[in-house]
Amino acid sequence: RPETGAGDLQKMTIYAHESYSKVRAIQKILDDSRVNIEQWIAQNVAHKMAAMENKSFLFGDGDKKPKGILAYETVAGGEWTWGKLEHVNAAHEGDVSFDDLVNLMGSLKQHYLSGSNWLMSRKVLSQLRRLKTDDGHYIWQPSLDQSCAASVFGYGVEITDDLSQEGAPSVIFGNFKLGYQIVDRAGIFTLRDPYSAKPHVEFYTTKRVGGDVINFEALKVLR
């Protein structure tokens, strides 16, 4: 029998970039406050770092931060090549309809659909919730069970206000687990330093994370 193609393998390197925070607090406040100041600082630093990471996963340029999904060029389906993302144009600029989502979903190959999700802003979600049929009934039917996540056409909906910024696409749809790889060095590490800046105590916090698109077929963008 003749030899068949086996595909090509390519090595890809994703670097883990470090983010840090260096916060000071006076020792007397730490000693006298009824509030756990150290815990409050740790929670706020973790929240800020998570917000920075989420934005980088979308818009990061790869320079001392993860390379985001939207750092890559998007093109129409007929012009798609590896290294670019395919986009689908919305019927009306500034508005998103269920027809737009159907077209976006239809652009994704079938074997990526299992495990796919929608990523959109709260503004787009509110537009979808206001859509009505000709007889005045809302098309969106949310679950009455709070334990069930919101979904559109059976695929889960994730919300990020980062997509609300000017120039960002309306919706991203696809299999994010197969399309985007996050390299996360587990844990946030905090060094408590009461010596270097007396009478202050310094909390030096670091976290290392990286990310990049690894499958350009698995993600589609609505513009």
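See above for the structure.
Residues numbered from 1 in each chain as written. Predicted model: local features only at pLDDT ≥ 70, side-chain atom pairs only at ≥ 80, totals over all residues. Heavy atoms only, no water.

Asker: Quick question: what am I supposed to make of the overall build of the protein chain here?
Answerer: A tally of helices and strands in the protein chain yields five helices and 11 strands. Computed over its C-alpha atoms, the radius of gyration of the protein chain comes to 22 Å, more than 25% above the 17 Å expected for a compact globule of 223 residues. Across its three principal axes, the protein chain shows a C-alpha extent of roughly 70 × 60 × 30 Å. Here the protein chain, with 223 residues, has 37% of them falling under the buried criterion. (Helix = DSSP H or I, 4+ residues; strand = E, 2+ residues; numbered from the N terminus. Rg over C-alpha atoms; globule rule 2.2 N^0.38 Å. Buried < 20%, exposed > 50% of the residue type's maximum accessible area, 1.4 Å probe, protein only.)

Asker: So what exactly am I meant to see when it comes to unusual backbone geometry here?
Answerer: As a rule of thumb, non-glycine residues mostly have phi less than zero, and peptide bonds are mostly trans rather than cis. Here the residue pair K198 and P199 is connected by a cis peptide bond, since its omega of 10° sits within 30 degrees of zero. On the secondary structure map, P199 appears in the loop between β9 (189-193) and β10 (200-213). Positive phi, normally seen in glycine, also occurs at F153, with a value near 55°. Tracing the chain through its elements places F153 in the loop between β5 (151-152) and β6 (155-159). Among the residues examined, F153 registers a relative accessible area of 39% and is labelled partly exposed.

Asker: Mind showing me how you'd approach the pairing of strand β3 (residues 85-88) here?
Answerer: Regular strands show a simple pattern: their side chains alternate between the two faces of the sheet. Residues L85 and H87 line one face of β3 and the alternating positions E86 and V88 line the opposite face, and both faces are buried. One ladder, built from two bridges, connects strand β2 (residues 74-75) with β3; its direction is parallel. Counterpart to V75 in the pairing with β3 is E86. Looking at chain direction, β3 and strand β11 (residues 219-222) are connected through three bridges and run parallel. Bridge pairing in β11 places H87 opposite V221. (Pairing = 2+ DSSP bridges.)

Asker: Help me understand a nonpolar patch on the surface in this model?
Answerer: On the surface, Y20, L191 and Y204 cluster together to form a nonpolar patch covering roughly 350 Å² of accessible area. Mapping Y204 onto the fold places it in strand β10. The exposure class assigned to Y204 is partly exposed, which follows from its relative accessible area of 35%. (Patch = residues over 30% accessible without salt bridge, like charges linked within 9 Å, V, L, I, M, F, W, Y side chains within 5 Å. Areas by Shrake-Rupley, 256 points an atom, 1.4 Å probe, with all protein chains shown as cover. Salt bridge = Lys/Arg side-chain N within 4 Å of Asp/Glu carboxyl O.)

Asker: Can you help me understand helix α4 (residues 122-130) in this one?
Answerer: Structurally, the α-helix is built with 3.6 residues per turn, so residues lying three or four positions apart point the same way. Among the residues of α4, V124, L125, Q127 and L128 are the ones counted as buried. Buried positions in α4, seen along its axis, are confined to an arc of 155° and lie on one side of it. Those residues of α4 that are exposed and aimed more than 90 degrees away from the buried face are R122, K123 and R130. Check the buried side of α4 and you find it contacts α3 (98-106), β4 (117-120), β6 and β7 (171-174). (Arc of directions from axis to C-beta. Contact = heavy atoms within 4.5 Å.)

Asker: Would you explain helix α2 (residues 37-59) in this entry?
Answerer: Relative to the 33 Å expected for 23 residues at 1.5 Å per residue, α2 spans 33 Å between its end C-alpha atoms, a close match to the ideal helical length. For α2, every residue scored as buried is listed here: I37, I41, V45, M49, E53, S56, F57 and L58. Among the structural elements, β1 (17-26), α1 (27-32), β4, β7, β8 (180-184) and β10 are those in contact with the buried residues of α2. (Expected span 1.5 Å × (residues − 1).)

Asker: What's the story with the pairing of β7 in this structure? I'm lost.
Answerer: Residues V171 and F173 of β7 are buried on one face, and the alternating residues I172 and G174, pointing to the opposite face, are buried as well. Note: β7 against β11, four bridges, orientation antiparallel. Looking at β11, one finds that V171 is bridged to L222.

Asker: I keep staring at the side chain of D162 and nothing clicks. Help me out?
Answerer: Along the chain, D162 falls in the loop between β6 and β7. For D162, which is buried and forms no salt bridge, the nearest opposite charge comes from K55, at a distance of 5.3 Å. (Lys, Arg positive; Asp, Glu negative; His and termini not counted.)

Asker: Explain the side chain of T74 here, please?
Answerer: Its place among the elements puts T74 in strand β2. Here T74 falls in the buried class, since its relative accessible area comes to 14%. At 3.1 Å, the side chain of T74 and the side chain of H87 are in polar contact. Side chain to side chain, T74 and R223 meet in a polar contact 3.1 Å long. Not counting chain neighbours up to four residues away, the residues in contact with T74 comprise L85, H87, V221 and R223. (Polar contact = N/O pair within 3.5 Å; in protein donor to acceptor, adjacent residues only side chain to side chain.)

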